[in-house]
Amino acid sequence: MRVLIVEDERRLARSLAAGLTAEGFAVDVAHDGREGLHMATEHPYDLIVLDIMLPGMNGYRICATLRAAGDETPILMLTAKDGEYDEAEGLDTGADDYLTKPFSYVVLLARVRALLRRRGTGAAPTLRIGGLAVDRAARRVERDGREVALTAKEYTVLEHLAVRAGEVVAKSEILAHAWDFAYDGDPNIVEVYVSALRRKLGPGLITTVRGAGYRLTADG
């Protein structure tokens, strides 16, 4: 899943990005309000972590602009302020949740996961494809009733394929979903992770559609 952090406190932004990256998220960061709005409108994100007090354009205006344009990406607002009116204004402009600084990273991660579970994709909390079960809340994977230990990035790639089960998913789509905007390495990294998933999950689940991408199916 891909997350945008719009936060002008660079140390905090780096810390949040590092933590979410370790959890398997692809993370982009903007330190200016206008830059953040541009990135939010130019690239698809699963969630936006948005500070309120920003140079260029504050978080309220960014949130209101996105919602007015029909963008329903979940937004978690951050602010150093503490007061019910600040929270009310943030929620009134269309934010989905609100967190006051200072906050625990564990709490932020829990809020992020809760928003992602509630997002309006219509996907079931547990995705089942034949003998494969992907529990999106617990980030737990089972094959034929046996838990399979995956790295954070392996899980992210598998979840994206599972959400699109039966469809051909291009390598470029997986790369855009699982790696951040700044990634400029070898796009064949996707093949490395797909190969690792095949080793761990066993044969017959992920097939290669030559020249098109990968397909996850119950019977291969």
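Predicted, not measured: the structure shown is a model, and the values here were computed from it.

The rules behind the values
- Residues numbered from 1 in each chain as written.
- Predicted model: local features only at pLDDT ≥ 70, side-chain atom pairs only at ≥ 80, totals over all residues.
- Heavy atoms only, no water.
- Helix = DSSP H or I, 4+ residues; strand = E, 2+ residues; numbered from the N terminus.
- Rg over C-alpha atoms; globule rule 2.2 N^0.38 Å.
- Contact = heavy atoms within 4.5 Å.
- Areas by Shrake-Rupley, 256 points an atom, 1.4 Å probe, with all protein chains shown as cover.
- Core = buried A, V, L, I, M, F, W, Y, C linked by side-chain atoms within 4.5 Å.
- Buried < 20%, exposed > 50% of the residue type's maximum accessible area, 1.4 Å probe, protein only.
- Domains from an automatic or database assignment.
- Buried area = accessible area lost by both parts, 1.4 Å probe.
- Salt bridge = Lys/Arg side-chain N within 4 Å of Asp/Glu carboxyl O.
- Polar contact = N/O pair within 3.5 Å; in protein donor to acceptor, adjacent residues only side chain to side chain.
- Pairing = 2+ DSSP bridges.
- Axes fitted to C-alpha atoms, helices over the stretch in contact; angles between N-to-C directions.

1. Considerations on the overall build of the protein
Scanning the protein from N- to C-terminus turns up 8 helices and 12 strands. On C-alpha atoms alone, the protein measures out to a radius of gyration of 18 Å, which is about the 17 Å that the 2.2 N^0.38 rule sets for 220 residues. Along the three orthogonal principal directions, the C-alpha set of the protein runs to about 55 × 35 × 30 Å. Put simply, 55% of the contacts in the protein that link residues at least 6 apart link residues at least 24 apart. Looking at the protein as shown, the accessible area adds up to about 10700 Å², and 50% of this sits on carbon and sulfur atoms.

2. Let's talk about the nonpolar core
Leu132 and Leu216 are the most contacted members of the largest nonpolar core, which has 24 residues in total. Of all the elements in the fold, those that place two or more residues in this core are strand S6 (126–129), strand S7 (132–135), helix H6 (152–163), helix H7 (171–178), helix H8 (189–201) and strand S12 (213–216). When residues of this core are assigned to their parent elements, the largest contribution, 5 residues, is made by H6. Contacts of Leu216, omitting those with residues within four sequence positions, involve Ile129, Leu132, Leu158, Leu161, Ala162, Ala165, Gly166, Glu167, Leu205 and Ile206.

3. Focus on the environment of Leu54
Following the sequence through the fold, Leu54 ends up in the loop between strand S3 (47–51) and helix H3 (59–68). Discounting chain neighbours no more than four positions away, the residues touching Leu54 are Val6, Glu7, Asp8, Gly33, Gly59 and Ile62.

4. Thoughts on unusual backbone geometry
Across the junction of Lys101 and Pro102, the peptide omega takes the value -10 degrees, indicating a cis bond. Inspection of the secondary structure puts Pro102 in the loop between strand S5 (97–100) and helix H5 (105–118). Backbone geometry at Arg139 places phi at a positive 55 degrees, although glycine is not the residue there. You can see Arg139 is positioned in the loop between S7 and strand S8 (140–143). We note that Asp144 has phi near 55 degrees; this positive angle belongs to a residue other than glycine. Relative to the elements of secondary structure, Asp144 occurs in the loop between S8 and strand S9 (146–147).

5. Some thoughts on the domain arrangement of the protein
Taken domain by domain, the protein consists of domain 1 (2–119) and domain 2 (126–216). Distance from the C-alpha centre of domain 1 to the C-alpha centre of domain 2: 27 Å. Here domain 1 and domain 2 share an interface that buries about 1000 Å² over both sides, 47% of which is from carbon and sulfur atoms. A per-residue breakdown of the area domain 1 buries against domain 2 is headed by Arg2, Gly24 and Ala26, which together make up 39% of the total. Applying the counting rule to domain 1 against domain 2 returns 0 salt bridges. Along the contact surface separating domain 1 from domain 2 lie 3 residue pairs in polar contact (both at pLDDT 80 or more). Those elements giving two or more residues to the side of domain 1 that touches domain 2 turn out to be strand S2 (26–30) and H5. A total of 3 residues in the side of domain 1 that touches domain 2 trace back to one element, the largest contributor, which is S2.

6. Description of the sheet that holds strand S1 (residues 2–6)
Pairing is parallel in the open sheet, where 5 strands are placed in the order S2-S1-S3-S4-S5. Of all strands in the sheet, those bounded by a partner on one side alone are S2 and S5. In this sheet, adjacent strand axes meet at a mean angle of 20 degrees when their direction is disregarded. As judged from the 4 bridges shared by strand S4 (residues 75–79) and S5, these two strands associate in the parallel manner. Residue pairing in the sheet places Leu78 in a bridge with Leu99 of S5. Packing of helix H2 (residues 33–42) onto the sheet brings it into contact with S1, S2 and S3, and relative to S2 it is tilted by some 145 degrees.

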